[in-house]
Amino acid sequence: MDKHYLTPLFTPESIVVFAGPVEASETSSGHSPQALAVRQALQSQRFSGSLRFLDIHSSGTLADLAQARADLAIIALPPQDIAAALEVAGRITCRAALVVSSGVSAEQAAALKRTARREGMLLLGPNSLGFQRPALQLNASAAGPLAQAGSLALVSQSGALTASMLDWARSNAVGFSSVVSLGPNTSVDIAQVMDFLANDAQTQSIIVYLEGIGNARRFMSALRSAANAKPVVVLKAGRKPAGNAAAQTHSGTIVGSDDVFDSALRRAGAVRVRSFVELFSAAKCLASRYRPVGKRLAIVTNGGGPGVLAADWINEIGLELGTLGADSAAALKPLLPEQASLTDLIDLSEDAGGAHYQAAIAAAGSDKQIDGVLAIYSPKLGADTTAVARALAEMKRSLSKPLLACWMGDASVSVARSTLGEASIPSFRTPEAAVGAFGNIASFYQNQQLLQQTPPPLSTLVKPDIEAARLVIECVLAERRKVLTEIESKTLLSAFQIPVTHTILARSANEAMMIATQLGYPVALKVDSPDITHKSDVQGVVLNLSHGAAVKDAYTDMMERVTRLAPQARINGVTVQKMAAAKRGREIYIGLVTDDPFGPVIVFGAGGTMIELLNDRAMELPPLNQYLARRLIERSRVAETLGDWRGASAVDMNALEQLLLRVSEMVCELPQLREMDINPIIVDESGAVAVDARIVIDSAPLAIASNAGPSSQQYGHLAILPYPARHEQVWPMRGGGDYTVRPIRPNDAQMLQQLVHSLSAESRYFRFISSMTELPPAMLARFSLIDYDREMALVAVSKQRSITASGETVETERIIGVSRYITNPDQSSCEFSLVVADDFSGKGLGSRLMESIMDVAREKGLSEIEGLVLAKNPGMLKLMKSLGFAIKPFDEDPDFKWVTHSL
């Protein structure tokens with residue numbers, strides 16, 4: 001479980017290289033440039049493992065080939081020779097293959113994938129520049145010289161950008177743990193590489209250049225796993241224009257796929273940058289190992305102008321200017337020049353020297369109102385710019401907050417910038433670039449809060465009538481329709497407890513008048529047609545009708561106008577509904593769009609007839625919980641009007657959040673939904689009501705899950721699998737009491753660490769094959785926030801009562817056991833682990849946790865569960881035998897037993 005399945009590819013102990021004859025390489029005649037570059041790159045480094053070159057055209061026996069067996073085969077040959085080399089690599093039982101080449105067609109790439117799958121090999125490439133692992137002295141690439149070793153990983157879908165980034169890094173003293181260039185048709189994709197880097201101890205931060213995504217569920221899974229353990233910054237190219245010409249709702253018109261990608265990255269806990277320059281800036285900060293912080297940035301400057309520019313940009317990108325508290329300012333003031341000002345900016349005046357900068361930065365570093373510090377220096381005549389830079393370098397070691405620098409100018413500050421770079425202080429040429437870089441750090445912190453949310457598909461509200469909703473959808477699809485009428489749409493909303501206005505269909509003017517009289521005036525009339533998307537465009541809406549004659553006239557006039565303006569439209573009649581009573585209510589909308597590849601996305605913003613003009617859209621991937629619903633509302637522009645606003649009372653935020661939760665339930669439970677507009681929703685201090693709705697459906701989509709077994713298919717249309725609450729069960733404890741077995745949650749991390757602390761040294765060694773006394777932060781994050789689609793961890797939780805010093809009885813929870821599995825790369829088997837608290841040994845927890853985790857794996861569609869058990873662990877071996885596991889020697893290490901069980 002601890003060794004990643006991509007280890008043979010990225011951490012090989014032995015390599016065989018197919019790069020053609022040496023003579024061709026030396027002359028570069030009749031040989032690809034990639035082959036020459038790869039051979040030179042490999043030979044110029046001192047790779048610690050074994051390295052052997054082979055020529056597939058030379059004669060040799062099978063016995064000769066057998067001696068060439070290796071973990072990794074590197075193939076740098078012309079396209080016509082690659083297939084033969086890959087066959088040979090399979091014959092000598094290579095576990096992974098890297099194809100460094102260009103000009104390989106999609107058809108050839110597909111054939112190479114089939115060969116690799118048949119031979120059980122991992123395949124990176126073709127059309128890839130390869131990869132670098134500087135700490136291993138391994139340059140298996142055609143991307144130039146080996147990068148300096150460091151803690152930053154680069155994953156790129158562009159070879160040209162990879163080479164440019166490496167060139168920039170060499171002149172900026174930025175080192176890498178890994179550099180991976182992916183081609184457009186590679187078998188090992190970007191999600192798998194990120195998953196490896198998430199588990200790589202040498203990698204502290206990851207930057208990604210992305211052009212496209214194949215499998216959304218797998219991408220989100222790997223990205224969330226990586227961003228949970230370390231900062232991830234993404235630059236995506238190929239932004240599409242907003243809008244979809246075929247859309248049949250407001251939401252489908254105003255929401256573009258690039259907006260959805262933003263939402264997906266935010267939910268995954270990663271940070272998006274918009275330009276190559278920003279990517280470099282982010283790389284500088286990440287290389288300095290700055291951890292996530294808040295968004296309050298203090299400006300320390302010796303010039304008012306640059307400081308004001310920085311403050312303006314802070315406001316522009318949604319950060320906050322960090323200011324010193326009264327006590328901090330009072331203590332700092334005597335240490336600064338007389339002209340210094342501490343009102344907003346920490347303006348040290350033009351007389352400031354290194355000691356003044358040190359004092360100001362120390363004060364900001366210890367002030368709780370500040371999350372980071374930007375030091376700006378404008379060179380003055382006769383001043384020593386390098387001395388001030390050295391003063392910052394000395395401060396860096398004692399500062400726990402991010403410290404960024406902006407040395408204005410060019411030639412006169414080049415030495416100072418070098419000094420800052422040597423101290424790993426990110427240095428920028430403009431205040432705006434420095435503030436933007438800090439903004440990336442702050443965004444990562446904010447997005448981490450979203451990452452920790454793992455909502456179930458259904459909220460804790462009153463259970464919806466899901467079957468009634470499904471019956472409505474089935475009836476509409478049976479009639480070969482996709483657009484629901486207003487009444488059908490509102491019936492669907494009502495099934496999920498969403499308040500709607502009472503609406504009745506009238507098919508004549510007299511019928512409309514009678515319905516209006518029964519409902520009570522004033523009323524609204526709306527045309528009902530499956531062919532009209534925006535009713536107001538064809539004058540199909542009349543509001544505030546106050547008596548019967550007005551209703552009859554409005555009905556007749558509306559039918560005439562709509563027939564004239566939309567002659568091809570099918571008209572069912574006119575709906576009659578009572579006007580919403582809220583006098584100072586705000587109009588909002590909640591919508592749904594379906595994105596390729598991320599699936600359904602929930603949209604929130606300002607509603608009414610001017611929705612496209614206002615273009616207010618905030619988005620979130622389902623499922624939602626109350627925290628996510630509130631953050632979604634806060635990101636919209638209309639949020640500013642929802643509090644006390646221009647004489648109107650604040651709206652009922654709880655009702656609005658519950659409405660979003662209900663929409664989330666609809667999206668999760670009804671995979672047939674494609675587009676939805678609930679517009680307008682009238683919300684005021686007394687609640688929220690849906691006035692109009694339009695829903696587009698289709699047959700349920702194919703699952704986008706990476707391994708869609710029976711349990712995944714229900715929610716296979718979602719990019720993020722909901723929390724699997726159905727696996728929660730209460731069991732009796734042997735000897736009295738009970739305990740709960742449930743899937744792990746991110747907020748279980750502290751209880752999980754406490755379990756590890758409580759284990760005996762022997763128990764910890766049996767579980768982790770290590771003498772560690774606690775889980776390292778990255779491992780703890782990986783163990784507590786998991787992707788329920790490809791793995792599962794079940795925790796046994798016991799509730800314990802204790803009495804405080806004041807005599808009050810309090811109830812606390814404690815994790816007393818964990819079983820987990822991770823799906824193997826073959827997608828048909830899984831590897832398990834198990835640990836039980838020592839003081840709960842012998843109470844049946846081990847058996848129950850193993851049986852439960854096996855049930856989950858079985859439901860997932862896996863066929864076998866397997867694991868390694870220390871031969872010196874008789875208790876575990878006895879348990880395995882009692883559960884029917886086959887126990888065999890482990891050929892690679894006699895200290896272990898290999899245990900397996902068919903599911």
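Preceding block: the structure.
Note that this is a predicted model, so its numbers are computed, not measured.

Procedures and definitions
- Residues numbered from 1 in each chain as written.
- Predicted model: local features only at pLDDT ≥ 70, side-chain atom pairs only at ≥ 80, totals over all residues.
- Heavy atoms only, no water.
- Helix = DSSP H or I, 4+ residues; strand = E, 2+ residues; numbered from the N terminus.
- Rg over C-alpha atoms; globule rule 2.2 N^0.38 Å.
- Areas by Shrake-Rupley, 256 points an atom, 1.4 Å probe, with all protein chains shown as cover.
- Lys, Arg positive; Asp, Glu negative; His and termini not counted.
- Charge placed at Lys NZ, Arg CZ, Asp CG, Glu CD.
- Buried < 20%, exposed > 50% of the residue type's maximum accessible area, 1.4 Å probe, protein only.
- Phe/Tyr/Trp six-rings, centres within 6.5 Å; stacked < 30°, edge-to-face > 60°.
- Lys NZ or Arg CZ within 6 Å of the ring centre and 35° of its normal.
- Pairing = 2+ DSSP bridges.
- Axes fitted to C-alpha atoms, helices over the stretch in contact; angles between N-to-C directions.
- Contact = heavy atoms within 4.5 Å.

### Some details on the overall build of the protein
Step number 1: A count of helical and extended segments in the protein gives 31 helices and 36 strands.
Step number 2: The globule rule puts the C-alpha radius of gyration for 903 residues at 29 Å, and the 32 Å found for the protein is close to it.
Step number 3: Principal axes of the C-alpha set define a box for the protein whose edges measure 95 × 80 × 80 Å.
Step number 4: When the accessible area of the protein is evaluated, it comes to approximately 37600 Å², of which 50% is carbon and sulfur surface.
Step number 5: Across the protein, 85 positive and 92 negative side-chain charges occur, with their mean positions spaced 3 Å apart.

### A look at the environment of Glu634
Step number 1: Within the element layout of this structure, Glu634 appears in helix 24 (residues 626-634).
Step number 2: Among the residues examined, Glu634 registers a relative accessible area of 47% and is labelled partly exposed.
Step number 3: Along the chain, Glu634 and Ala618 lie 16 residues apart, while their C-alpha atoms are 8.6 Å from each other.

### Overview of the packing of aromatic side chains
Step number 1: Counted under the stated rule, the structure contains nine aromatic pairs.
Step number 2: Aromatic pair Tyr357 and Trp407: ring centres 6.5 Å apart, planes at 45°, arrangement tilted. Of this pair, Tyr357 sits in helix 15 (residues 354-366) while Trp407 sits in strand 17 (residues 403-407); the two residues are 50 residues apart in sequence, bridging distant segments of the chain. Taken individually, Tyr357 and Trp407 each receive the classification buried, so the pair is uniform in this respect.
Step number 3: Looking at Arg631, its charged tip hangs above the ring of Tyr627, at a distance of 4.6 Å from the centre.
Step number 4: The lysine or arginine in question, Arg820, covers the ring of Phe783, its NZ or CZ lying 4.5 Å from the ring centre.

### Notes on the pairing of strand 27 (residues 687-690)
Step number 1: With four bridges joining them, strand 26 (residues 673-684) and strand 27 adopt antiparallel strand pairing. For Ile681, the partnering residue across the bridge sits in strand 27 and is Ala690.
Step number 2: Turn length for the strand 26-strand 27 hairpin, with the two strands adjacent in sequence and antiparallel, is two residues.

### With respect to the sheet that holds strand 5 (residues 122-128)
Step number 1: On the basis of which strands lie adjacent, the open sheet formed by five strands has the order 2-1-3-4-5 and parallel pairing. On the outer flanks of this sheet lie strand 2 (50-54) and strand 5, each paired with one strand and no other. Ignoring which end each strand starts from, the neighbouring axes of this sheet average 15° apart.
Step number 2: Pairing geometry for strand 1 (residues 14-18) and strand 3 (residues 72-75), over four bridges, is parallel. When the bridges of strand 3 are listed, Val16 appears paired with Ala73.
Step number 3: Of the strands in this sheet, strand 1, strand 3, strand 4 (96-100) and strand 5 touch helix 5 (residues 79-91), which is tilted by about 170° from strand 3.

Function cannot be inferred from these measures alone, as they are strictly geometric.
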